[in-house]
Structures are given as C-alpha cells and as structure tokens.
Amino acid sequence: LDGIEMSVFVLTDGEKYVILPNAKDYKRIGENDTGLNTGGMGCISPVPFADNIFLSKVENQIIKPTINGLNKDSIKYRGFIFFGLIKVNNNPFVIEYNIRMGDPETEVVMPRLKSDLLQLFKASINKTLDQIDVEFEKKNVATIILASGGYPLSYEKGKKITGLNNINKSLVFHAGTKETNFIETNGGRVLACTGFGENINEALKNSYKTANKISWKNKYFRNDIGKDLI
C-alpha cells in the first residue's frame with residue numbers, strides 16, 4: 001500500500017464507543033523518516049489531512065464493522081482499540097490493530113481530552129458510554145521525543161538531566177529516567193516534550209522550545225517532526 005499513515009483510537013464498552021483524537025507518529029530514528037525503526041520519535045494531533053469526510057469513512061468502514069465483528073464472534077471486549085491506518089487515494093485501510101493506547105500517541109491524545117478519563121473508564125465497565133458527552137480540546141498538540149545518543153541500538157545510561165525546572169506552557173512526560181541525587185537517563189527514549197498551539201506550527205514551536213531547554217550528554221531528537229504536514 002502506498003500512502004500516508006495515521007492512528008485512530010476508540011474506547012468501547014463492547015457495543016458503544018467513543019472516538020478519541022487522531023494522531024500521526026514518526027517511527028524512524030533519522031530525519032525525513034530514514035534509519036532504523038523506533039518506538040516513536042514524535043507525534044502530532046489532530047492530523048491535518050484527516051478531514052471530516054475521511055474520518056467518516058474510518059468510522060463507517062472500519063470502526064463500526066470492528067465493533068460489530070467483536071460481537072459477532074462473542075468477544076466481550078471493553079477498553080481501547082488502536083487502529084493503525086494508512087490513507088490511500090483518500091480511503092482508509094487497516095495496517096494493524098492494538099488493544100491499548102500508543103506511545104508517543106498517548107502524549108498528544110490524552111492532553112486533548114477535557115472529560116474525566118476515570119468517568120469514561122467507569123462508563124466502559126457499566127456500558128453507559130452513550131450517556132457521556134465527551135469533550136476535547138480544539139488546540140493542536142505536538143510531542144518531541146528526547147532520546148539517548150545511539151538509540152535504538154546501544155546507548156549509555158546514567159547521564160544527568162538538566163533544565164527540567166525551567167519548563168512552562170508544556171508537559172514533559174518521563175519514560176527512561178531514574179531519580180538518584182538528580183534525574184538521570186535510564187533508557188533509550190527518555191522524555192516526551194508536549195507543546196500546545198492554535199495550529200500545528202505553534203504546537204511544534206512550543207514543543208521544540210521545551211526540547212531545547214532540556215540537556216544531557218549525547219541527547220538526540222529529530223528536528224523535522226510534523227514538517228511534512230505543514
């Protein structure tokens with residue numbers, strides 16, 4: 001399939017579902033999507049090329065048949081469904097399913113959720129999702145992953161991280177860190193810097209501003225996240 005990939009997420013109680021904000025992540029370690037695959041080097045939400053017509057196709061051609069199929073096969077599933085999609089000639093196709101949220105997709109999807117996540121979980125258990133009005137932030141969100149030099153191959157741990165106390169107007173999610181007398185690196189993908197904006201440019205600008213404030217020896221991140229969509 002020749003196209004562009006994106007992700008759509010739903011929370012379901014097995015019969016009804018809530019569609020969460022969509023996202024596009026960047027898996028390759030190198031800029032312009034080159035090099036080895038990683039767990040994800042950045043992400044944006046919403047996806048600019050996923051207009052209402054395309055998302056309607058996603059719901060009617062993929063999401064609804066998936067939920068119906070679970071019921072037809074007597075699979076009683078409640079929770080997240082991750083649809084890894086590819087857009088080909090303005091039509092959606094499924095590349096993969098996951099029964100979880102994704103990383104770094106979660107770091108752009110959840111900050112856009114205005115509703116109480118715990119209430120949504122309760123509703124998915126009690127099969128009352130249709131009784132909840134789910135609200136989302138209309139702002140754009142972007143996440144930049146800060147990784148250890150050498151990742152996804154061999155990399156060093158134990159590097160002191162500085163600049164974490166100088167962050168505002170952004171969120172920083174910890175992944176590969178450890179606290180000793182200070183915060184130090186303890187993994188390949190170390191931090192996720194999530195910024196907000198009225199458009200994708202502003203969200204990326206704020207994410208990169210945060211990414212550049214944080215330092216450790218051999219820190220690495222991609223400088224082209226989202227640039228293909230601008």
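Here the structure is shown first, and the text comes after it.
Every value quoted in this text rests on a predicted model; they were computed, and no experiment measured them.

Definitions and cut-offs
Residues numbered from 1 in each chain as written. Predicted model: local features only at pLDDT ≥ 70, side-chain atom pairs only at ≥ 80, totals over all residues. Heavy atoms only, no water. Helix = DSSP H or I, 4+ residues; strand = E, 2+ residues; numbered from the N terminus. Phe/Tyr/Trp six-rings, centres within 6.5 Å; stacked < 30°, edge-to-face > 60°. Buried < 20%, exposed > 50% of the residue type's maximum accessible area, 1.4 Å probe, protein only. Polar contact = N/O pair within 3.5 Å; in protein donor to acceptor, adjacent residues only side chain to side chain. Pairing = 2+ DSSP bridges. Axes fitted to C-alpha atoms, helices over the stretch in contact; angles between N-to-C directions. Contact = heavy atoms within 4.5 Å.

Residue Pro104 is bonded to the preceding Asp103 through a cis peptide linkage, with omega at 15°. Along the chain, Pro104 falls in the loop between β8 (91–98) and α2 (106–109). Residue Pro152 follows Tyr151 across a cis peptide bond; omega there is 10°. Of note, Pro152 is situated in the loop between β9 (140–148) and β10 (170–174). One non-glycine residue, Ser74, lies in the positive phi region at around 60°. With respect to the helices, strands and loops of the structure, Ser74 is situated in the loop between α1 (52–72) and β7 (79–88). Located in the positive-phi region is Asn90, a residue other than glycine, with phi close to 70°.

If you walk through the whole model with that rule in mind, you get 5 aromatic pairs. Where Tyr208 meets Phe221, the ring centres are 6.0 Å apart and the plane angle is 45°; that geometry is what we call tilted. Note that Tyr208 is positioned in helix α4 (residues 200–213) and Phe221 in the segment after β14 (219–220), a separation of 13 residues in sequence. With a relative accessible area of 11%, Phe221 lands in the buried category.

A few words on the side chain of Asn140. Take Asn140: it is sitting in strand β9. We classify Asn140 as buried; its relative accessible area is 13%. Polar contacts involving the side chain of Asn140 include one to the main-chain carbonyl oxygen of Glu198, which spans 3.5 Å.

The next subject is the sheet that holds strand β2 (residues 17–19). Taken in spatial order, the 4 strands line up as β2-β1-β7-β8 in an open sheet, and their pairing is antiparallel. Two strands close off the open sheet at either side, each with one partner strand: β2 and β8. Ignoring strand direction, the axes of neighbouring strands in this sheet form an average angle of 35°. Summarising the sheet, β7 and β8 pair through 7 bridges and their orientation is antiparallel. Its bridge partner lying in β8, Leu85 is registered against Val94. Contacts from α1 reach β1 (4–12), β2, β7 and β8 within the one sheet, and its direction differs from that of β8 by about 40°.

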